[in-house]
Protein chains: 2
Amino acid sequence: MLENIDLSKTLKKKEGKELLEKLDTEVAALQRQARELKIPVMVVFEGWGASGKGRLINRMIQPLDPRGFKVHSIQKATQEEELHPYMWRFWNKIPSRGRMYIFDRSWYTRVMRERVDRNMTREQVVCAFNEINSFERMLTVDGMLIIKFFLHISKGEQKRRFEKLESSPETKWRVTREDWKHNKQYDEYFSICDEMLVNTDTEYAPWHVVEAEDDGYAAARILDCLVRSLRSRIQQETEREKQAEPYIQTAPPSGSSSPLAKADLSKDVKKDKYKETLKEYQKKLALLQSRIYQAKIPMVLGFEGWDAAGKGGAIKRLTECMDPRGYEVVPTASPNDYEKAHHYLWRFWTKMPQAGHIAIFDRTWYGRVMVERVEGFCTRAEWQRAYREINEMEEQLTEAGVIVLKFWIQIDKDEQERRFRARQENPEKSWKITEEDWRNRAKWDEYEPAVNEMIMKTSTAKAPWIVVEGNSKYYARLKVLKTVVEALEKRLGKETKQK
Amino acid sequence: MLENIDLSKTLKKKEGKELLEKLDTEVAALQRQARELKIPVMVVFEGWGASGKGRLINRMIQPLDPRGFKVHSIQKATQEEELHPYMWRFWNKIPSRGRMYIFDRSWYTRVMRERVDRNMTREQVVCAFNEINSFERMLTVDGMLIIKFFLHISKGEQKRRFEKLESSPETKWRVTREDWKHNKQYDEYFSICDEMLVNTDTEYAPWHVVEAEDDGYAAARILDCLVRSLRSRIQQETEREKQAEPYIQTAPPSGSSSPLAKADLSKDVKKDKYKETLKEYQKKLALLQSRIYQAKIPMVLGFEGWDAAGKGGAIKRLTECMDPRGYEVVPTASPNDYEKAHHYLWRFWTKMPQAGHIAIFDRTWYGRVMVERVEGFCTRAEWQRAYREINEMEEQLTEAGVIVLKFWIQIDKDEQERRFRARQENPEKSWKITEEDWRNRAKWDEYEPAVNEMIMKTSTAKAPWIVVEGNSKYYARLKVLKTVVEALEKRLGKETKQK
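Thresholds applied
- Residues numbered from 1 in each chain as written.
- Chains lettered and ligands numbered in written order.
- Predicted model: local features only at pLDDT ≥ 70, side-chain atom pairs only at ≥ 80, totals over all residues.
- Heavy atoms only, no water.
- Helix = DSSP H or I, 4+ residues; strand = E, 2+ residues; numbered from the N terminus.
- Buried < 20%, exposed > 50% of the residue type's maximum accessible area, 1.4 Å probe, protein only.
- Contact = heavy atoms within 4.5 Å.
- Areas by Shrake-Rupley, 256 points an atom, 1.4 Å probe, with all protein chains shown as cover.
- Axes fitted to C-alpha atoms, helices over the stretch in contact; angles between N-to-C directions.
- Parallel < 35°, antiparallel > 145°, perpendicular 65-115°, else oblique.
- Least-squares fit on C-alpha atoms with pLDDT ≥ 70 in both.
- Pairing = 2+ DSSP bridges.
- Patch = residues over 30% accessible without salt bridge, like charges linked within 9 Å, V, L, I, M, F, W, Y side chains within 5 Å.
- Salt bridge = Lys/Arg side-chain N within 4 Å of Asp/Glu carboxyl O.
- Lys, Arg positive; Asp, Glu negative; His and termini not counted.
- Charge placed at Lys NZ, Arg CZ, Asp CG, Glu CD.
- Core = buried A, V, L, I, M, F, W, Y, C linked by side-chain atoms within 4.5 Å.
- Buried area = accessible area lost by both parts, 1.4 Å probe.
- Polar contact = N/O pair within 3.5 Å; in protein donor to acceptor, adjacent residues only side chain to side chain.
- Nonpolar A, V, L, I, M, F, W, Y, C, P; charged D, E, K, R; others polar.
- Expected span 1.5 Å × (residues − 1).
- Phe/Tyr/Trp six-rings, centres within 6.5 Å; stacked < 30°, edge-to-face > 60°.
- Lys NZ or Arg CZ within 6 Å of the ring centre and 35° of its normal.
- Disulfide = S-S within 2.5 Å.

A. Representation of the overall build of chain A. Helix and strand content of chain A: 20 helices and 10 strands. Based on the C-alpha atoms only, the size of chain A along its principal axes is roughly 85 × 60 × 40 Å. Evaluated residue by residue, chain A yields a buried proportion of 55% over its 499 residues. Pairs at least 24 residues apart make up 82% of the contacts formed inside chain A by residues separated by at least 6 positions. Accessible surface computed for chain A: about 23200 Å², of which carbon and sulfur atoms make up 49%.

Okay, here's the thing in structure tokens:
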């Protein structure tokens, strides 16, 4: 994409001033409209060293209302960021609806600068492109406008700019030895950038290569692009409101071969055996936790299940002997307003554990394809694409070394009723049962196919669903503990072998 | 406070079990009540190495509902934290109303462990105690319940515990060379801890020294303390709702000697002179920004003023030539629900700039003593104590090396009306004027004494208010630029001299 770029373009001073003023006025008005329509915007600046990113960003933001935007300057990863999957740091920085975030360097650093400096395998590079495209696709389909600029200058121009910076004592410090190294490696860089542009130039988030040797010209190109992109997105929004969504028929799995029907709920374990085995597993788990902490292996455990299935009890037996410094139970309630103003996966991404830690989610991102689907809190198109989005997120986690296990605790309808009634009669537990629980129960038959479809579509080899037979609480708790212990032992075994 | 502690206390197995079960039930019920009453809680665990913090925290959280609490394990500061004033990292971690955060080590690290390892001067230690007390006072008066545990064991017991840990290959790594160093320095540590306890044992956030040689005894003490503290705080809350607030008469400054009246609004500057001086200052500022970036000096600029006084225009002239990677304009709107669920200073603390960066606040924390006071969004007691709270926050910033400047842009009532009308007639600017602006204008005479009182009470030598004569926009913009440039030059001059 960089081959046929004409870098000699300039803007005449007088005409340029008028043009820029006109664009400024348009940008200001469009920013206000986008804000009113609650459109979130991300503007990415990538490009050669000394291509003028800082200057051009500052020029671009001049007409903007500061109440609506924020500039993120992406530096070397912090320690905390290094301890998380790569895209975590960017999920933490997505704008809420109606805000515009501007990125001075971005999630592309890994496939540009870092690719030259570190040695990435071909497989890692492809994987990185996939993660980027997945990230941008999920966000844009959710309503985000992503505008990406690549500022292009020639090798000679870059050299001239470095020399100019070095000639003044006030700016000399800005040119590093690395910069010169990159100038010498310009040609290698060129093909890397070109490959990056080609692989991540998508219909939902296209690249704009900006000829950046003349500041005036570049500024006008950027503002013009911003105007066009905002205008077209705003138009789309107004039209979207009018359109009804197409109805898509799906055939969820059902009958006796469905994952839930296959669960043998008669499984049970005696109290004595339970107590003994529980102790044994808890002891093992405490040691394993300390070992993965040292080995910096992170783990994500998701718990879903019918109301009163025993999620809380299972989590409690799991954490009882753990070190609280290494685990966190993340309870998931219905999203608050600020969370709703983001992509639905945002609030989960931000809570993913750092290396060596365990995050236990009491209810999870699967709410999208269960409660939100059944209750109509999201559209059909939204929950239908969620399966792929969730699989992609979990793949990113497992790729980054996270152990991911998802538990569905299964009970039958009669058992649920028995437990509801028992809770209501116990004064210490009666607060646990609300009107809503009974209402949800009435919708059992709507939830069941949703759960079956979810388990079918999102159980993967690396991030499996474990259906836990839960009519016997003892049996369920032991099965959860056993599964976690075995998964940890398996991973630690592998790691040891590799050494 | 540690001298007369009896460390031989234990709990008999049988009685202990019953007692602990009873306490668990009580704690669970009280946590639910506190949550319903929206009481935020912080529980701090400090104490000797190997005193069992992790184990006892995990014991304490067992009866709690995970939807209501979170454990923060305070480790060595991250790079980002190191680049901010010390208390910033803890302001970032305060619970919202109704949540309970448990701290495994806390803001006390600096006056314990770090005090032994680094050499803190007497003055720094006193300053640190003041910062802690100020933090805890602000939060508790705002409704936070703070419970602080110090887990106490003897030198001999600590040694035995280290030896036991070292004897097993699974736990050996937990004992560091530093730990042994600290055991050798036990006596020095003892007096440091004692001094810390005495200096930060306040009526609003008292310490509970827990005899921690026997786990069962310690667990019971902790749960018992938690029960008592929660119960008394809950009782206070229910009573508070009944009490009317006492009325306190204040005499705000007024007349011709008030800060606002003293501003000479006839000050003006010619267009030619303005353009020329503007360029000159902007050029200086761009260089100065790059110098403080290198010198890692942070800066906070606050802008307040009447509607249409020209805050936005002044900020724009300031940032026009800056590097966007080093500054951020932080616009302040009315707080959202999540912000309202925290102390009012929380949302500003979290946005304080890191070393080398400039944060420009378009409206500030002074809203507490202006709009919130005048419109009755907070109680009289709340805005009255805010002067001291704000002064303390700004003192912490300047102590940490931040340059703090606060601008009040002053115009008179006639000038405001002229500007409102001019905006309404200009189609590109008419969106800037809303009904609310006219409503606020009608309350000018209520705002004026509030502004005067604010400037009188919160202008300090290190964080001064600059009243900017704003009837002439040109004059106002230059004055702001000049003040910023001079403040930077002064500081950089000092730093150079010190070297």
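From this point, the discussion proceeds with the structure in view.
B. Seen up close, the packing of helix 17 (residues 413-425) of chain A against helix 18 (residues 435-442) of chain A. Residues and elements named next belong to chain A. For the pair helix 17 and helix 18, the least separation of the axes is 12 Å and the interaxial angle reads 170 degrees. For the element pair helix 17 / helix 18, the angle class is roughly antiparallel. Of helix 18, the residues touching helix 17 (which contributes Lys413, Gln416, Glu417, Phe420, Arg421 and Gln424) are Asp437, Trp438 and Arg441.

C. Structural view of the relation of the copies chain A and chain B. Screw-axis analysis of chain A against chain B gives a translation of 0.0 Å along the axis, an RMSD of 0.0 Å, and a rotation angle of 180 degrees. Both chain copies can therefore be described as sitting about a two-fold axis. Of the residues that chain A buries at the interface, 100% are likewise interface residues in chain B, meaning the two copies contact each other through the same surface.

D. Looking closely at the sheet that holds strand 10 (residues 465-469) of chain B. All names here are of chain B. The strand order across the open sheet built from 5 strands is 7-8-6-9-10, with neighbouring strands paired in parallel fashion. The open sheet has two free edges, formed respectively by strand 7 (327-331) and strand 10, since each of these has just one partner strand. Ignoring strand direction, the axes of neighbouring strands in this sheet form an average angle of 20 degrees. With 5 bridges connecting them, strand 6 (residues 299-305) and strand 8 (residues 358-362) associate as parallel partners. Among the inter-strand pairings, methionine 299 is bridged to a residue of strand 8, identified as isoleucine 358.

E. The arrangement of the sheet that holds strand 4 (residues 145-152) of chain A in detail. All names here are of chain A. Taken in spatial order, the 5 strands line up as 2-3-1-4-5 in an open sheet, and their pairing is parallel. On the outer flanks of this sheet lie strand 2 (69-73) and strand 5 (207-211), each paired with one strand and no other. Going from strand to strand, the sheet's axes swing by 20 degrees on average, the running direction of each strand aside. Helix-sheet contacts for helix 2 (residues 53-61) involve strand 1 (41-47), strand 2, strand 3 (100-104) and strand 4, and the interaxial angle to strand 1 is about 155 degrees.

F. Region of the structure containing a positive patch on the surface. Taken together, the side chains of Lys13(A), Lys17(A), Lys271(B), Lys275(B) and Lys279(B) define a basic patch exposed on the protein surface. No other element matches the 3 residues that helix 11 (residues 271-295) of chain B contributes to the positive patch. Looking at the secondary structure, you find Lys275(B) in helix 11. The class of Lys275(B) is exposed, set by a relative accessible area of 51%.

G. Structural context of the side chain of Thr458(A). Its place among the elements puts Thr458(A) in helix 19 (residues 444-458). Apart from the residues lying within four places of it in its own chain, the contact partners of Thr458(A) are Tyr366(A), Tyr387(A), Asn391(A), Glu394(A), Lys406(A), Ala463(A) and Trp465(A).

H. Fine view of the environment of Ile390(A). Residues and elements named next belong to chain A. One can find isoleucine 390 in helix 16 (residues 380-399). Since its relative accessible area comes to 0%, isoleucine 390 is described here as buried. For the pair isoleucine 390 and asparagine 130, spaced 260 residues apart in the sequence, the C-alpha separation amounts to 14 Å. Sequence-distant contacts of isoleucine 390, that is, excluding residues within four places in its chain, are made with Tyr344, Leu345, Trp365 and Tyr366.

I. Spotlight on the environment of Glu448(B). All names here are of chain B. With respect to the secondary-structure elements, glutamate 448 resides in helix 19 (residues 444-458). You can call glutamate 448 partly exposed: its relative accessible area is 29%. When the C-alpha atoms of glutamate 448 and tryptophan 306 are compared, they prove to be 9.7 Å apart, with 142 residues separating the residues in sequence. Aside from chain neighbours lying at most four places away, what touches glutamate 448 is Leu260 and Trp306.

J. View of the nonpolar core. Of all hydrophobic cores here, the largest spans 296 residues; its most connected members are Ile102(A) and Ile102(B). Leaving out residues up to four positions away in the same chain, Ile102(A) has contacts with Val43(A), Phe45(A), Ile57(A), Met60(A), Ile61(A), Leu64(A), Phe69(A), Lys70(A), Val71(A) and His72(A).

K. Examining unusual backbone geometry more closely. If you check the backbone angles, Arg105(A) has positive phi at about 65 degrees while not being a glycine. Positionally, Arg105(A) belongs in the loop between strand 3 and helix 5 (113-117). Arg105(A) sits in the buried class, given a relative accessible area of 14%. Of note in this structure, Ala50(B) is not a glycine but carries a positive phi near 65 degrees.

L. Local environment of the interface of chain A and chain B. Listed by partner, the interface residues are 41 residues for chain A and 41 residues for chain B. Both sides together, the interface formed by chain A and chain B hides about 4000 Å², and carbon and sulfur atoms give 52% of it. The tally of links from chain A across to chain B stands at 6 salt bridges. The salt bridge involving Arg325(B) is made with Asp104(A); its shortest N-O contact spans 3.1 Å. There are 15 residue pairs in polar contact (both at pLDDT 80 or more) connecting chain A and chain B. Sorting the residues of the side of chain A that touches chain B by element identifies helix 1 (13-36), helix 2, strand 2, helix 11 (271-295), helix 12 (311-319) and strand 7 (327-331) of chain A as the ones contributing at least two each. In terms of residue count, helix 11 of chain A provides more of the side of chain A that touches chain B than any other element does, 5 residues in total. In the side of chain A that touches chain B, the residues fall into 15 nonpolar, 11 polar and 15 charged.

M. Layout of helix 1 (residues 13-36) of chain B. Residues and elements named next belong to chain B. Along its 24 residues, helix 1 runs 35 Å from first to last C-alpha, staying within 8% of the 34 Å computed at 1.5 Å per residue. Along helix 1, the residues classified as buried are Gly16, Leu20, Leu23, Asp24, Val27, Ala28, Leu30, Gln31, Arg32 and Ala34. Two residues or fewer after helix 1 comes lysine 38, characterised by a positive phi angle close to 60 degrees.

N. Local environment of the packing of aromatic side chains. Counted according to the given criterion, the structure contains 56 aromatic pairs over all chains. Between Phe103(A) and Trp107(A), the ring centres sit 5.2 Å apart and the planes meet at 70 degrees, which makes this aromatic pair edge-to-face. We note that Phe103(A), like Trp107(A), is buried. Taking 5.0 Å as the distance between ring centres and 80 degrees as the angle between the ring planes, the aromatic pair formed by Phe361(B) and Trp365(B) counts as edge-to-face. Residue Trp365(B) is classed as buried on the basis of its relative accessible area, which comes to 1%. Directly above the aromatic system of Tyr86(A) lies the positively charged group of Arg110(A), at a separation of 3.9 Å from the ring centroid.

O. The arrangement of helix 9 (residues 186-200) of chain B in detail. Residues and elements named next belong to chain B. Relative to the 21 Å expected for 15 residues at 1.5 Å per residue, helix 9 spans 21 Å between its end C-alpha atoms, a close match to the ideal helical length. Among all positions in helix 9, only Tyr186, Tyr189, Phe190, Ile192, Cys193, Asp194, Glu195, Met196, Leu197 and Thr200 are buried. Along its buried surface, helix 9 packs onto helix 5 (113-117), helix 6 (122-141), strand 4 (145-152), helix 7 (155-167), helix 8 (177-184) and strand 5 (207-211).

P. Inspection of the pattern of salt bridges at higher detail. Counted under the stated rule, the structure contains 90 salt bridges over all chains. A salt bridge links Lys443(A) to Glu375(A); the shortest N-O distance between them is 2.7 Å. Here Lys443(A) is found in the loop between helix 18 and helix 19, whereas its partner Glu375(A) is found in the loop between helix 15 (371-374) and helix 16, with 68 residues between them in sequence. For the salt bridge of Glu26(B) with Arg231(B), the shortest nitrogen-to-oxygen distance reads 3.1 Å. Of this pair, Glu26(B) sits in helix 1 while Arg231(B) sits in helix 10 (residues 215-242); the two residues are 205 residues apart in sequence, bridging distant segments of the chain. For Arg231(B), a relative accessible area of 40% translates into the label partly exposed.

Q. Examining the state of the cysteines more closely. With the rule as written, the count across this model stands at 0 disulfides over all chains. Take Cys127(B): it sits in no disulfide, and the sulfur closest to it among the cysteines is that of Cys193(B), at 20 Å.

R. Expanded view of the side chain of Thr200(B). If you trace the backbone, Thr200(B) turns up in helix 9. Filtering out sequence-adjacent residues up to four positions away, Thr200(B) remains in contact with Tyr108(B), Phe129(B), Ile132(B), Asn133(B), Glu136(B), Lys148(B), Ala205(B) and Trp207(B).

The quantities given are spatial measurements derived from coordinates; they are silent on function.
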